Amino acid sequence: MNEQHLEPLKRHPEGRALRAEVDLGRIARNLDRIRAASGGREVWGVVKANAYGHGAVPVGRALASAGAHGLAVSSLEEGLELRQGGIECPILVLGGLRPEALPAASAEGLTIAVVGPEHLAEYAQSLPAHPVRLHLKLDTGMGRFGLLPSELGDCLGDLRRLAPWIEGVMGHFATADDPDQGFALRQRHVFDACLSQLADAGIHPAQRHHGNSDACLRHLVDRDTHVRPGLALFGLTTLPEGRALGLEPALALVAEVARVKHVPAGTTVGYGRTFVAPQPMQIATLACGYADGYRRDLGNRGVAGLEGRTFPVVGRVSMDYLTIALPLDVPIAPGVPMTLFSADPSAPHSVERLAQALGTIPYELTCGLHRRITRRYFP
Ligand SMILES: Cc1ncc(COP(=O)(O)O)c(C=O)c1O
């Protein structure tokens with residue numbers, strides 16, 4: 001691995017070198033795959049939470065140039081980060097916006113989700129001077145953000161005033177990954193009923209979108225004009241349909257070996273002495289710990305890859321370091337890169353397999369990758 005690509009400040013004097021290697025070509029190909037799976041619908045690429053840990057600006061640029069309709073983020077700050085990164089495509093702020101922030105959003109040409117009935121009148125007052133495009137979020141069954149169908153009737157007056165700025169209507173599935181599609185279909189039904197109610201009030205938004213990655217994979221996108229995938233763009237999925245689609249994981253987490261020790265049998269490693277070397281072996285210390293997002297509960301459970309083989313993570317994972325056990329005959333030295341998250345979905349240390357072992361979801365593992373990790377991008 002070429003050292004000069006590492007940002008100097010992220011390189012520990014003793015060899016700390018930890019990087020997330022992100023393949024933007026894979027992200028562009030995943031975009032094509034998920035677009036095809038959703039019947040060619042336009043894509044709002046979801047890049048909130050630093051593009052699920054992959055790096056919002058480089059990923060956003062790659063998606064925009066690969067033909068995504070726009071990018072979706074969680075907050076105003078995330079939207080501004082993309083604009084400051086030179087991204088010019090539509091950016092939808094999913095988490096809504098207080099009316100006092102409308103001038104800032106308008107100046108940057110952001111699109112805003114309206115997530116409740118609270119501020120409709122203030123929006124109507126502010127928008128003529130500070131126009132933004134709006135997407136009306138409906139709570140069709142997720143139970144968190146969005147206007148409830150029962151609130152819609154009372155809001156129609158305000159919404160009619162906002163109509164010139166309402167570009168889209170959106171919902172969000174609670175159970176798109178569930179083989180039983182009953183609740184998802186109920187959500188779709190509620191969505192359609194709300195759209196009819198809006199149409200009767202003379203509100204005809206150009207865009208409709210209810211579907212995340214799993215909804216695209218499970219063909220729950222129905223009469224929608226757009227889809228809103230996140231996870232699948234990064235080549236990650238919890239569904240067999242996602243693997244069958246050939247999604248390619250875009251991220252590998254790589255740490256260079258910082259120290260190697262030959263230890264005799266009986267040596268204990270790390271806090272709590274939870275690992276005892278059963279025979280003479282090598283212990284490689286990698287400068288990656290739970291502060292970087294490598295989960296502490298992978299201690300004595302995870303594995304790291306080296307040239308097609310894997311070796312166990314032994315002892316407790318600490319804040320900045322973890323330790324790997326290798327037989328004495330494996331050539332290993334400081335500076336050798338080992339893979340902690342593999343981009344091969346079938347590897348035992350793929351993000352999906354690790355998430356499964358930990359009883360969590362791939363989202364949590366990649367979103368947890370700290371910003372102090374160097375990101376290196378490949379076209
Ligand atoms: C409102 C909304 N839309 C779309 C997505 C993308 O979902 P996924 O990553 O499952 O495709 C999310 C993700 O959490 C979301 O909150």
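Residues numbered from 1 in each chain as written. Predicted model: local features only at pLDDT ≥ 70, side-chain atom pairs only at ≥ 80, totals over all residues. Heavy atoms only, no water.

**Considerations on the site of the ligand**
Here is step 1 of the chain: Neighbouring the ligand are 13 residues; Lys-48, Tyr-52, Ser-213, Gly-230 and Tyr-363 lie closest to it.
Here is step 2 of the chain: In this structure, Arg-144 approaches the ligand through a side-chain N or O atom, which is 3.3 Å from an oxygen atom.
Here is step 3 of the chain: Separating a nitrogen atom of the ligand from a side-chain N or O atom of Arg-228 is a distance of 2.9 Å.
Here is step 4 of the chain: In the complex, the protein chains occlude 92% of the 390 Å² of accessible area that the ligand would expose alone. (Near = heavy atom within 4 Å. Polar contact = N/O pair within 3.5 Å; in protein donor to acceptor, adjacent residues only side chain to side chain. Areas by Shrake-Rupley, 256 points an atom, 1.4 Å probe, with all protein chains shown as cover.)

**Let's talk about unusual backbone geometry**
Here is step 1 of the chain: The backbone of Tyr-52 sits at a positive phi, close to 50°, despite the residue not being glycine.
Here is step 2 of the chain: Topologically, Tyr-52 is positioned in helix α2 (residues 48-52).
Here is step 3 of the chain: Classification of Tyr-52 by relative accessible area gives buried; the value is 7%.
Here is step 4 of the chain: Even without a glycine there, the phi angle at His-219 is positive, about 55°. (Helix = DSSP H or I, 4+ residues; strand = E, 2+ residues; numbered from the N terminus. Buried < 20%, exposed > 50% of the residue type's maximum accessible area, 1.4 Å probe, protein only.)

**Looking at the sheet that holds strand β6 (residues 133-137)**
Here is step 1 of the chain: An order of β8-β7-β6-β5-β4-β3-β2-β9 is seen for the eight strands of this open sheet, with the pairing classed as parallel. Edge positions in the sheet fall to β8 (207-209) and β9 (226-227), since each of these pairs with one other strand and no more.
Here is step 2 of the chain: Of the strand pairs in this sheet, β6 and strand β7 (residues 166-170) are connected by four bridges, and their pairing is parallel. The residue bridging Leu-134 from the neighbouring strand is Ile-166, located in β7.
Here is step 3 of the chain: Relative to the sheet, helix α8 (residues 182-200) contacts β6, β7 and β8, its axis offset from that of β7 by approximately 155°. (Pairing = 2+ DSSP bridges. Contact = heavy atoms within 4.5 Å. Axes fitted to C-alpha atoms, helices over the stretch in contact; angles between N-to-C directions.)

**Some words on the layout of surface pockets**
Empty pockets left among the atoms are what a rolling probe the size of a water molecule brings to light.
Here is step 1 of the chain: Volume-wise, the largest pocket comes out at about 580 Å³.
Here is step 2 of the chain: Contributing to the lining of the largest pocket are 27 residues, with Lys-48, Tyr-52, Arg-144, His-172 and Asn-212 lying nearest its centre.
Here is step 3 of the chain: Counting only elements with at least two residues in the lining of the largest pocket, the list comes to α2, α9 (213-217) and α12 (362-367).
Here is step 4 of the chain: Across the lining of the largest pocket, the residue classes tally to 13 nonpolar, eight polar and six charged. (1 Å grid on protein atoms, 1.4 Å probe; cavity = no way out; pocket = protein on both sides within 12 Å on 5 of 7 lines; lining within 4 Å. Points joined across faces, edges and corners; volume = space filled by probe spheres on them. Nonpolar A, V, L, I, M, F, W, Y, C, P; charged D, E, K, R; others polar.)

**Remarks on the UniProt feature "binding site: substrate" (unreviewed entry) in the protein chain**
Here is step 1 of the chain: According to UniProt, the positions carrying the feature "binding site: substrate" (unreviewed entry) are Arg-144 and Met-319. Spatial dispersion of the annotated residues is evident: they stretch over 176 residues in sequence, and the largest pairwise C-alpha distance comes to 33.8 Å. Residues from the named set that contribute to the lining of the largest pocket are Arg-144.
Here is step 2 of the chain: For Arg-144, the position within the fold is in the loop between β6 and α7 (149-162).
Here is step 3 of the chain: The contacts of Arg-144, once residues within four sequence positions are left out, are Asp-139 and His-172.
Here is step 4 of the chain: As for its position among the elements, Met-319 is in the loop between β15 (309-314) and β16 (322-326).
Here is step 5 of the chain: Excluding its chain neighbours within four sequence positions, the residues that come into contact with Met-319 are Gly-289, Tyr-290, Ala-291, Asp-292 and Arg-372. (UniProt positions renumbered as here; feature names shortened; annotations may be inferred.)

**A short note on α7**
Here is step 1 of the chain: The largest bend along α7 measures about 65° and falls at Cys-155.
Here is step 2 of the chain: Along α7, the residues classified as buried are Leu-152, Cys-155, Leu-156, Leu-159 and Leu-162.
Here is step 3 of the chain: Packed against the buried residues of α7 are α6 (120-126), β6, β7 and α8. (Bend = angle between axes of the 7 residues up to and from the residue.)

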